[in-house]
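Structure assessment
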Amino acid sequence: MTKRVSIVIPNWNGKEFIMSCLKSVYESDYPLEWYEVIVVDNGSKDGSYEMVEERFNEEGFPEWRLIRLPKNRGFARACNEGIISAEWEYVVLLNNDVEVTPQWLSELVGGMDRHPECSMGTSKMVQYDNRQQLYNTGDLFKIWCTGGGRGSGEIDTGQYEEEEYVFGACAGAGIYRKALFEKIGSLDDNFFIFSEDVDFNLRAQLAGERCVYLPCAVVYHWGTATIGFHSNRHVFLSLRNDLFVLMKNYTLKELWQQRQKIISFALKKAI
C-alpha cells in the first residue's frame with residue numbers, strides 16, 4: 001500500500017538553492033497525490049519566500065504548504081513547525097540545499113516498509129559538487145560523545161551499499177514515522193542548528209528505537225550552504241551544541257565514566 005508522506009523543507013535565505021531542491025522533489029517517481037511539501041521559511045530576507053510562493057501558485061501543485069516564521073528561529077524550530085503541521089504517516093526532513101534523485105522518495109518509503117522495526121531511515125548523501133565523494137551514510141555517535149557522518153569525505157567505491165542499522169538519521173535527508181515524534185518529542189529548539197539530530201537520535205536510541213540506512217535513496221548535498229562552512233557561527237554553534245548533547249543526556253557519573261573510556265581509547269590509538 002502506498003504511504004502518505006509529508007516532506008518538510010526548512011528555508012533561510014536559500015534563494016540560490018531552494019528552487020533546485022523543489023524541482024527535484026516534484027520530479028519524483030513517487031505518486032504526486034501521495035506526498036505533500038511543507039516549506040517552512042525562517043524569516044528570509046533574500047526574496048526566497050516570495051519566489052517559492054509565486055512558483056507554488058504558478059505550478060498549481062496539489063499538495064503544498066508554505067509557513068513563514070517572523071524571524072530566523074533556527075533549523076530545529078523550522079523542522080518542528082513542519083512536523084506539527086504534517087498529518088501523514090511519514091515525515092521527511094530535507095535541507096534546502098539538497099537535490100534528490102527521482103527514486104529517492106520511493107526508496108525511503110520502501111525501505112521503511114521492509115523494516116517495520118525501524119522508526120527512522122536515512123539517505124545516502126553525496127557531495128553535490130563532487131559526486132564521487134560521500135557526505136553522509138548515516139549518523140554516528142562517537143566515543144567522545146559527538147556526532148558525525150558515517151563515510152563523510154570518503155570516495156564512494158561501493159563500501160556503503162548494504163542496508164544496515166545505523167545510530168541515526170541525518171536530518172538533512174531522513175525519514176521518520178510520525179509516531180516517533182509523538183513518542184519522544186520533536187527536535188530541541190535550543191540547538192538552533194547543528195547537532196539537533198544527534199540529540200534526537202540519542203533520545204531515540206535510549207527509547208529503544210532503530211534507524212536503517214537505505215543506500216538506494218540517493219541525494220546530492222552542498223552542506224552548510226546558507227550559514228557557511230567553517231564560518232565563525234558554524235564553528236561556535238557546532239562546539240556549543242556538542243556540549244548541549246552531553247549536558248542533556250548524561251549525568252555527571254556517566255560523563256566521568258565516558259571520560260575513562262575516551263582516555264582508554266586514546267591510549268590504545270597511541271600504542
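Everything that follows concerns the structure shown earlier in this document.
All values reported here derive from a predicted model rather than from experimental measurement. (Residues numbered from 1 in each chain as written. Predicted model: local features only at pLDDT ≥ 70, side-chain atom pairs only at ≥ 80, totals over all residues. Heavy atoms only, no water.)

**Topic: a negative patch on the surface**
A cluster of acidic residues, E53, E54, E58 and E59, forms a negative patch on the protein surface. Residue placement: E54 occurs in helix α2 (residues 48-59). (Patch = residues over 30% accessible without salt bridge, like charges linked within 9 Å, V, L, I, M, F, W, Y side chains within 5 Å. Areas by Shrake-Rupley, 256 points an atom, 1.4 Å probe, with all protein chains shown as cover. Salt bridge = Lys/Arg side-chain N within 4 Å of Asp/Glu carboxyl O. Lys, Arg positive; Asp, Glu negative; His and termini not counted. Charge placed at Lys NZ, Arg CZ, Asp CG, Glu CD. Helix = DSSP H or I, 4+ residues; strand = E, 2+ residues; numbered from the N terminus.)

**Considerations on the packing of aromatic side chains**
Under the counting rule described, the total for this entry stands at 10 aromatic pairs. Centre to centre, the rings of Y26 and Y35 are 6.1 Å apart; their planes meet at 35°, and the pair counts as tilted. As far as the burial class goes, Y26 and Y35 line up, both buried. For the pair Y26 and F56, a centre-to-centre distance of 6.4 Å together with 85° between the ring planes defines the contact as edge-to-face. In this pair, Y26 is assigned in helix α1 (residues 18-26) and F56 in helix α2, connecting sequence segments 30 residues apart. The class for F56 is buried, based on a relative accessible area of 1%. One aromatic cluster is present, formed by Y26, Y30, Y35, F56 and W64 through successive ring pairs. Across the ring face of Y49, the terminal group of R68 is positioned such that the distance to the ring centre comes to 4.1 Å. Its end group placed over the ring of Y128, R131 keeps NZ or CZ at 4.7 Å from the ring centre. (Phe/Tyr/Trp six-rings, centres within 6.5 Å; stacked < 30°, edge-to-face > 60°. Buried < 20%, exposed > 50% of the residue type's maximum accessible area, 1.4 Å probe, protein only. Lys NZ or Arg CZ within 6 Å of the ring centre and 35° of its normal.)

**As for the side chain of S24**
Residue placement: S24 occurs in helix α1. Under the relative-accessibility criterion, S24 is labelled buried at 8%. A polar contact of 2.7 Å, which involves the side chain of S24, links it to the backbone oxygen of C21. Here V100 takes part through its backbone nitrogen, which lies 3.1 Å from a polar atom of the side chain of S24. (Polar contact = N/O pair within 3.5 Å; in protein donor to acceptor, adjacent residues only side chain to side chain.)

**Things to note about helix α3 (residues 75-85)**
Side chains of residues three or four places apart in an α-helix project in the same direction, reflecting 3.6 residues per turn. The buried fraction of α3 is high, at eight of 11 residues. Taken residue by residue, α3 has F75, A76, A78, C79, N80, G82, I83 and S85 as its buried positions. Residues of α3 that are buried in the fold lie against β1 (5-11), β2 (35-41), β3 (64-68), β4 (90-94), α5 (178-184) and α6 (196-206). (Contact = heavy atoms within 4.5 Å.)

**Digging into the packing of α1 against α2**
At a closest axis distance of 10 Å, the pairing of α1 and α2 adopts a crossing angle of 30°. By the angle between their directions, the pair α1 and α2 is classed as roughly parallel. Crossing handedness for the pair α1 and α2: right-handed. Residues I18, M19, L22 and Y26 of α1 form the contact with α2, whose participating residues are S48, M51, V52, R55 and F56. (Axes fitted to C-alpha atoms, helices over the stretch in contact; angles between N-to-C directions. Parallel < 35°, antiparallel > 145°, perpendicular 65-115°, else oblique. Left-handed = near helix turned anticlockwise from the far one by under 90°.)

**Considering the environment of P31**
Among the structural elements, P31 can be located in the loop between α1 and β2. By relative accessible area, P31 is classed as partly exposed at 30%. C-alpha separation for the pair P31 and S106, spaced 75 residues apart in sequence, amounts to 9.0 Å.

**What to know about the nonpolar core**
Soluble, globular proteins show a tendency: their nonpolar side chains are buried together. Residues I7, L94 and W104 are the most contacted members of the largest nonpolar core, which totals 36 residues. Tallying contributions element by element places α1 first for this core, with six residues. Look past the residues within four positions of L94 in its chain and what remains in contact with it is I7, V8, I9, P10, C21, V25, V100, W104, A171, G172 and A173. Residues I38, A76, A169 and A204 belong to the second largest nonpolar core, which totals 30 residues. (Core = buried A, V, L, I, M, F, W, Y, C linked by side-chain atoms within 4.5 Å.)

**So, the environment of E161**
Turning to its location among the elements, E161 is positioned in the loop between β9 (147-149) and β10 (164-166). Expressed as a C-alpha distance, the spacing of E161 and Y213, which sit 52 residues apart in the sequence, is 9.2 Å. What E161 contacts, discounting residues up to four positions off in sequence, is K124, D156 and P215. At 2.5 Å, the side chain of E161 forms a polar contact with the side chain of K124.

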